[in-house]
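Architecture at a glance
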Amino acid sequence: MEYCSKLFSMLKPFIAANWKMNKTIKETEDFITSFLPMVKDVKDVDIAIAPPFTSLASAGKLLKATSIQLAAQNVFYEEKGAFTGEVSAGMLTDAGCSLVIMGHSERRHLFSESNEAVNKKIRAARKNRLEVILCVGETLREREENKTFEVLESQLSGSLKDIMLEGITIAYEPVWAIGTGKTATPEQANEAHTFIKKWLKKQFGEEAGRTRILYGGSVTPENIESLMEEPEVEGALVGGASLNPESFAKIIFGAKRRKK
Ligand code: PGA
């Protein structure tokens, strides 16, 4: 583990905005226009924004000349055809995306997305050279029944079956902390991240040393610094607090101040 901590601590913090089903095209453009000058000098934090599908192309144009990654919130695993309502990985790269969020708990719970489907989606994304943020996390009930590690292991092993880790970031998002205002304590986050890192190391060996683990679930400008102080927290996936440019920029500045 000592080896891991040293290596991981060299990884650049990564802060990603997950807007979920929020913002029109105009609202997306207004956000990006005011956000870009706020973070123009930030070099030591990687940043991504995941708007809804309808805003991707216009966000892509505004972000093109920047180092901020454009992310999608979902993808379908087939390339094209009769799949009403779905969007392929090729369509996402065409719109300017370089990243896609996968297996978010809202998709798993509201849309019955299985680990098997997530696995197929990751393959399609990687084939199209899209990077991936793979979300994993336990429900409150699972935590109370002491099943957290069991759930994480089954989501990781099912979603990453026969896949190379390169280009994949993991987001630990305890379901009970998403949009509830209840953040996992920094220690709880660190404990889950440590488990994930050990698991990745066991399965993927040295390759795991390059994989960042983000925390997600009620991250705010107020709690980002204490979360980032934990040795195994490499960044954050931010929902509600990423909808406002000032608050999202503050989170990025908080992550930048990370002490190691
Ligand atoms: P939240 O959402 O920050 O609003 O809790 C995080 C997420 O679901 O990715």
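Residues numbered from 1 in each chain as written. Predicted model: local features only at pLDDT ≥ 70, side-chain atom pairs only at ≥ 80, totals over all residues. Heavy atoms only, no water.

This part takes up the overall build of the protein chain. Helix and strand counts for the protein chain stand at eleven helices and eight strands. On C-alpha atoms alone, the protein chain measures out to a radius of gyration of 17 Å, which is about the 18 Å that the 2.2 N^0.38 rule sets for 260 residues. On the principal axes, the C-alpha backbone points of the protein chain span a range of 45 × 45 × 35 Å. In the protein chain, which comprises 260 residues, the proportion classed as buried is 53%. Considering only intrachain contacts with a sequence separation of at least 6, the fraction spanning at least 24 residues in the protein chain is 75%. Per element, the accessible surface of the protein chain, about 12,200 Å² overall, is 53% carbon and sulfur. Positive and negative side-chain charges of the protein chain, numbering 35 and 35 respectively, have mean locations separated by a distance of 3 Å. (Helix = DSSP H or I, 4+ residues; strand = E, 2+ residues; numbered from the N terminus. Rg over C-alpha atoms; globule rule 2.2 N^0.38 Å. Buried < 20%, exposed > 50% of the residue type's maximum accessible area, 1.4 Å probe, protein only. Contact = heavy atoms within 4.5 Å. Areas by Shrake-Rupley, 256 points an atom, 1.4 Å probe, with all protein chains shown as cover. Lys, Arg positive; Asp, Glu negative; His and termini not counted. Charge placed at Lys NZ, Arg CZ, Asp CG, Glu CD.)

Attention now goes to the pattern of salt bridges. Tallied over the full model, the rule gives 15 salt bridges. Ionic pairing is found between Asp-46 and Lys-12, a salt bridge with its closest N-O pair at 3.1 Å. Within this pair, whereas Asp-46 is found in strand β2 (residues 46–50), its partner Lys-12 is found in the loop between α1 (2–8) and β1 (14–18), the two being separated by 34 residues in sequence. With relative accessibility at 22%, the residue Asp-46 sits in the partly exposed group. Classification of Lys-12 as partly exposed rests on a relative accessible area of 33%. Asp-46 serves as the salt-bridge partner of Arg-212, at 2.8 Å between the closest nitrogen and oxygen. With a gap of 166 residues between them, Arg-212 in the loop between α9 (186–204) and β7 (213–216) and Asp-46 in strand β2 connect regions that are remote in the sequence. When salt bridges with common partners are traced through the structure, they connect Lys-12, Asp-46 and Arg-212 into a single cluster. (Salt bridge = Lys/Arg side-chain N within 4 Å of Asp/Glu carboxyl O.)

With a phi close to 85 degrees, Lys-23 is a non-glycine residue in the positive phi region. Structurally, Lys-23 is set in the loop between β1 and α2 (25–38). Taking the relative accessible area as the measure of exposure, Lys-23 reaches 22% and is therefore partly exposed. Positive phi, normally seen in glycine, also occurs at Ser-218, with a value near 55 degrees. For Ser-218, the location among the structural elements is in the loop between β7 and α10 (224–228).

Residues in close proximity to the ligand total 13 residues, the closest being Lys-20, His-104, Glu-173, Gly-179 and Ser-218. Between the ligand and Ser-218 there is a distance of 2.7 Å, counted from an oxygen atom to a backbone nitrogen or oxygen. Gly-240 has a polar backbone atom sitting 2.8 Å from an oxygen atom of the ligand. In isolation the ligand exposes 280 Å². Once the protein is present, 95% of that is buried. The residue makeup of the shell around the ligand, split by class, is four nonpolar, seven polar and two charged. (Near = heavy atom within 4 Å. Polar contact = N/O pair within 3.5 Å; in protein donor to acceptor, adjacent residues only side chain to side chain. Nonpolar A, V, L, I, M, F, W, Y, C, P; charged D, E, K, R; others polar.)

In a pair of packed helices, the angle between the axes and the distance between the axes together describe the arrangement. Where helix α8 (residues 148–159) contacts α9, the axes come no closer than 11 Å and their chain directions differ by 40 degrees. Taken as axis vectors, α8 and α9 run oblique relative to one another. Seen along the crossing, α8 lies across α9 with a hand that is right-handed. Facing Phe-149, Leu-152, Glu-153, Leu-156 and Ser-157 of α8, the residues of α9 in contact are Glu-191, Ala-192, Phe-195, Ile-196 and Trp-199. (Axes fitted to C-alpha atoms, helices over the stretch in contact; angles between N-to-C directions. Parallel < 35°, antiparallel > 145°, perpendicular 65-115°, else oblique. Left-handed = near helix turned anticlockwise from the far one by under 90°.)

Moving on, we come to the layout of surface pockets. Where empty space is left can be seen by rolling a probe of water-molecule size over the atoms. The calculated volume of the largest pocket comes to roughly 490 Å³. Mapped by element, the contributors of at least two residues to the lining of the largest pocket are α3 (53–63) and α5 (105–110). Per-element tally for the lining of the largest pocket: the top contributor is α5, with three residues. Split into classes, the residues belonging to the lining of the largest pocket amount to seven nonpolar, six polar and five charged. (1 Å grid on protein atoms, 1.4 Å probe; cavity = no way out; pocket = protein on both sides within 12 Å on 5 of 7 lines; lining within 4 Å. Points joined across faces, edges and corners; volume = space filled by probe spheres on them.)

Remember that the coordinates give geometry; whether it matters functionally is a separate question.
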